[in-house]
Amino acid sequence: MPDQAVSDLTPGELRDLRRLAAIMVPASTEHRVPGADDEAIFADIVRSLGRDREAVRKALALLREMAGGDFSRLDAATAETTAMEMLARGGSTVTALGRAVLQCYYRDDRVFIALGLEPRAPFPKGHQVEQGDWTLLDAVRGRPRMWRDVDGGGR
Amino acid sequence: MTTASGTSAPRPTDEIVDVLIIGSGASGAAVAWSLADTRMKILCLEQGDWIKPTEFPTNGRDWEARRYADFDISPNRRARATDYPVNDDNSPMKVANFNGVGGGTVLYTAHFPRMHPSDFRVKTLDGVADDWPVDYWTLEPYFAENDRVMGVAGLAGDPSYPLHQPTMPPVPLGRTGTRYAQAMNKLGWHWWPSDIAVATTEYDGRAKCINLGHCTPGCAQGAKASVDITYWPQALRAGVELRTRCRVREITTNEHGMASGVVYYDPSGVERFQPAEMVIVAANGIGTPRLLLNSASAQHPNGLANSSGQVGRNLMVHPWPQIYGYIDEEVDGDRAPMTVMWSKEFYETDPSRGFVRGYTLQFARGTGPANEAITSMAAGRLPWGRDHHRAYRTMLYRSLRVGVACEDLPEAHNRVTIDPILKDSHGIPAPRIDYTVSENTQRMMDHGIARSVEILKAAGCHTIHLPPPGVLNSPGHLLGTARMGHDPDHSVVNGWGRSHDVKNLFIVDGSIWVTSGGVNPTSTIQALALYIADNIKQRLANLFD
C-alpha cells in the first residue's frame, strides 16, 4: 500500500478505493491484464490523485454512506451492486474518480503490451503515419468557387 | 498619476519605454515582432513563464494525464501560480487559455483557418450584427506574412477560400482522413486538408513533425508553431525586451487623458510602475476587458476606454459540439496531428436551413489510450466492470470525431465583468463571464450535429454518440469584448486598433473582433495584429492625433 503521507487518504479510504478500483476495472485472464487494484497501478492512482483528490474523497464518502459503513468489508455481490449503483449516478464526482483510475491504468506497461502498444512516451520516437489516399481529393478540386466575394477582391 | 485606487503610493518606477505590450501570446508576439524594426524601445510584460520543450507532456509516460493537470486548457483546473481564476459558473461554455510566453498558442491544436471574406461583412450580407471596419483583402497580405512566420502546412486550391499558398505540404490524410474523405465524396460534400500550423518539413530552424500526436498540450518536438518559438526569438534578437512573471494590475492615465503606463507586480511580488509612451493590450478576450475594467479611475469611472459601455460585452466563444463514431477497423488514433481536414459545405448562409451564418466541420483523428477511456467513461460509452475490457477494445484507435465550429454572433448580454469576490494570487479582482447560447446558434448546432451523423454513417460507423444536451465541448475561444468600429458610441477601438477614448492605447487581441466567424481564430488574430502594427508604423508622425 502507498505511503499515507503521500496519498493523504485515510487507511479506510485507501481500502475502499482499492476495492472499488478492482470492480471498476477488473483483472482479466482473457485479455491478459491486471485489475486497477494491482499493487503498482493502485499505488500510481493514489500517488497521482492531484487535482481530483477532493472529488475522489467525496465519491468514497458517498460509497461509504451507501454501504452503510466500510465498503471494503462488503461481500462480493453486495460490493459490486453498491459500486455500480454509485458509479451510475455520474456527475463530476464520478467523472473525477474515473479519471483518477483510468489515467493510471492506461499507462501501465503490462496494459500497454496487452493492447499491442509500445510502453513508451510519444517523444522522441514519434509515430509513422501513412499518407492516405490523396486521389480522393480529385472529386473536390473541380468544384466551383464556394466563398462569397462581397468586396470584389477576388477578381 | 491617478490609479484605480485613487492613491499616489510610492512605488519603484522603471525606465520609460516607447511601447509597452501587455501579454506575449499570439497577438502580442506578432505586434512586438512587427514594431521591432522601428528601433523604438519596446517592452512586453508577461504574467507567465517560458515553457521549455522538455516540460511538455509528450516527454513522459503521464502525457495523457497532464492534459487534465498542469496542461489543462482551463485556467481554473490548471491553476498554475501564473494563472488567474475565471468565474465561468454562469456559462455553458468554459474558458480556454494559457498564461505563459506564447499564451494560447502553447496550448492550441494549431488548426489555422483564416476567416472568410464574408465573415467581415455579416451585416451587409445577412443583416445581422455589424460589418467589420476592415475586410479580408486588406488583411490578406498580413495573413500571408503571418503564414510565413508561423509556418503553415496545407494545400492551395481549396474552392471554399480565396487562393492562398500554405508554406508546407499538408499533414497526412492517414487512415482516418481517408475514411472521412470517402464519406464526404459519397455525400458529395466539400472537404479539404486543413491549414495547420505544424511543420511538415524542416522550417525556419524548426524540426519537422514526427507525429507525437498530442499537439494541444505543447509540442516537445517544436514542430507546432507556438509564438514562443516563431515570433519571439526573432523579436528578441531585434531588441524587444520580454519580462516574465510580471502581472499587470491596471493601466494608468495622466491629466491629459493619455495612458501613462501600468502598475504591475514583478516576479518578487513587488508592486512597480512602468511608464510608457504607448500601451498595447494583448491579453485575450477575457484578460483585456478584465484589465480595462480594473483600470477604472475618477477620469474613467466605468473602466478605461469604456465610454461606449462596450468593454466586456459581446463575448463570443464558439460553441463546438463534437460527435463521435466508432468503426470496425483501426485508424490513426492519437498518432498524428489531431486535426486533419475541414468542410465548408455549410459555412456560408443558406436561409433554408433556418439560421443565418454557418459553421465549419472539423475532422479529428482519435485520441490516446487513457483519454479514450476517460472521455468514453464520462460520456457513458464505456462500461465499468466485467464488460469494460471487451468494450474498450472496440473503441481504442477506432474512433472518428466531427466537431461543429459554430459562428457565435455578438450579443450584448454575453459579457465579461469583474467578479465581486474572486481574486488572483496578487489580489487583483478576477473576471466573471455570463454567457448563453442564442437560438440562432442552437439551430446551427442542431443542423451541424445532424450533418455530422450523416457523415459518420457514410464513414461506416456502427455506433454514433451525440453530445449530451447542454454539453458543448470547449474550445472557448475568447472574442469580441472590446470590439472595433468606426462609431465611438458603439465600439472600443477604431478600425486600426486604437482606443477611441485614449489615443495612445491600442488593443490587438481577439477582443476587438466584431463577429467570430466559424473558424479557429489564431490566424486572423495574428493577421489583425500585424495590420495594426503596420498602421502604427505608418502613422508614427501623428499617431495620437
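Residues numbered from 1 in each chain as written. Chains lettered and ligands numbered in written order. Predicted model: local features only at pLDDT ≥ 70, side-chain atom pairs only at ≥ 80, totals over all residues. Heavy atoms only, no water.

Here's the deal with the packing of helix H2 (residues 11-24) of chain A against helix H5 (residues 76-88) of chain A
All names here are of chain A.
- At a minimum axis separation of 10 Å, H2 and H5 run at an interaxial angle of 80 degrees. Taken together, the axes of H2 and H5 are roughly perpendicular relative to one another. Side by side, H2 and H5 meet where Arg-19, Leu-20, Ile-23 and Met-24 of the first sit next to Ala-76, Ala-79, Glu-80, Ala-83, Met-84, Met-86 and Leu-87 of the second.
- Considered class by class, the residues forming the contact of H2 with H5 number nine nonpolar, no polar and two charged. (Axes fitted to C-alpha atoms, helices over the stretch in contact; angles between N-to-C directions. Helix = DSSP H or I, 4+ residues; strand = E, 2+ residues; numbered from the N terminus. Parallel < 35°, antiparallel > 145°, perpendicular 65-115°, else oblique. Contact = heavy atoms within 4.5 Å. Nonpolar A, V, L, I, M, F, W, Y, C, P; charged D, E, K, R; others polar.)

A few points about empty space enclosed by the protein
All names here are of chain B.
- Applying the stated criterion across every chain, the model contains three cavities of 30 Å³ or more.
- In this structure, the largest cavity occupies an estimated 60 Å³ of space.
- Taken together, Val-198, Cys-209, Asn-211, Leu-212, Gly-213, His-214, Cys-215, Gly-218, Cys-219, Ala-223, Lys-224 and Pro-337 form the lining of the largest cavity.
- Looking at side-chain class alone, the lining of the largest cavity contains seven nonpolar, four polar and one charged residues.
- Roughly 40 Å³ of internal volume is contained in the second largest cavity. (1 Å grid on protein atoms, 1.4 Å probe; cavity = no way out; pocket = protein on both sides within 12 Å on 5 of 7 lines; lining within 4 Å. Points joined across faces, edges and corners; volume = space filled by probe spheres on them.)

Some words on the sheet that holds strand E10 (residues 339-343) of chain B
Residues and elements named next belong to chain B.
- Spatially, the six strands line up as an open sheet ordered E4-E10-E11-E12-E9-E15, and their pairing is antiparallel. Where the open sheet ends on each side, the last strands, each with one partner, are strand E4 (192-193) and strand E15 (463-465).
- As judged from the six bridges shared by strand E11 (residues 359-364) and strand E12 (residues 399-406), these two strands associate in the antiparallel manner. Opposite Thr-360, over in E12, you have Ala-405 as the bridge partner.
- Here helix H5 (residues 174-187) sits on the sheet in contact with E10, E11 and E12, set at roughly 15 degrees to E10.
- Its contacts with the sheet put helix H10 (residues 439-458) on strand E9 (322-326), E11, E12 and E15, and the angle it makes with E12 is roughly 155 degrees. (Pairing = 2+ DSSP bridges.)

A look at the nonpolar core
All names here are of chain B.
- Judged by nonpolar contacts, the single largest core of 132 residues is most densely connected at Trp-232, Ile-251 and Ile-280.
- Top contributing element to this core by residue count: helix H11 (residues 522-538), with nine residues.
- Two domains each donate at least three residues to this core, and these are domain 1 (1-154 + 195-315 + 411-435 + 477-540) and domain 2 (169-193 + 320-407 + 438-471).
- Those residues in contact with Ile-251, other than ones at most four positions away along the chain, are Ile-22, Ala-259, Gly-261, Val-262, Val-279, Val-281, Leu-291, Leu-292, Ser-295, Leu-304 and Leu-505. (Core = buried A, V, L, I, M, F, W, Y, C linked by side-chain atoms within 4.5 Å. Buried < 20%, exposed > 50% of the residue type's maximum accessible area, 1.4 Å probe, protein only. Domains from an automatic or database assignment.)

Brief notes about the domain arrangement of chain B
All names here are of chain B.
- When cut into domains, chain B gives domain 1 (1-154 + 195-315 + 411-435 + 477-540) and domain 2 (169-193 + 320-407 + 438-471).
- For domain 1 and domain 2, the distance between their C-alpha centroids amounts to 30 Å.
- Each side of the interface is counted separately: domain 1 has 33 residues, and domain 2 has 31 residues.
- Here domain 1 meets domain 2 over a buried area of about 2,700 Å², counting both sides, of which 55% is carbon and sulfur.
- Ranking the residues of domain 1 by area buried against domain 2 places Glu-64, His-111 and Gly-518 at the top, with a combined share of 18%.
- The tally of links from domain 1 across to domain 2 stands at two salt bridges.
- Asp-119 is the salt-bridge partner of Arg-357, the closest N and O atoms lying 2.7 Å from each other.
- Counting the contacts that link domain 1 with domain 2 gives 14 residue pairs in polar contact (both at pLDDT 80 or more).
- Taken together, the residues that form the side of domain 1 that touches domain 2 break down as 11 nonpolar, 16 polar and six charged. (Buried area = accessible area lost by both parts, 1.4 Å probe. Salt bridge = Lys/Arg side-chain N within 4 Å of Asp/Glu carboxyl O. Polar contact = N/O pair within 3.5 Å; in protein donor to acceptor, adjacent residues only side chain to side chain.)

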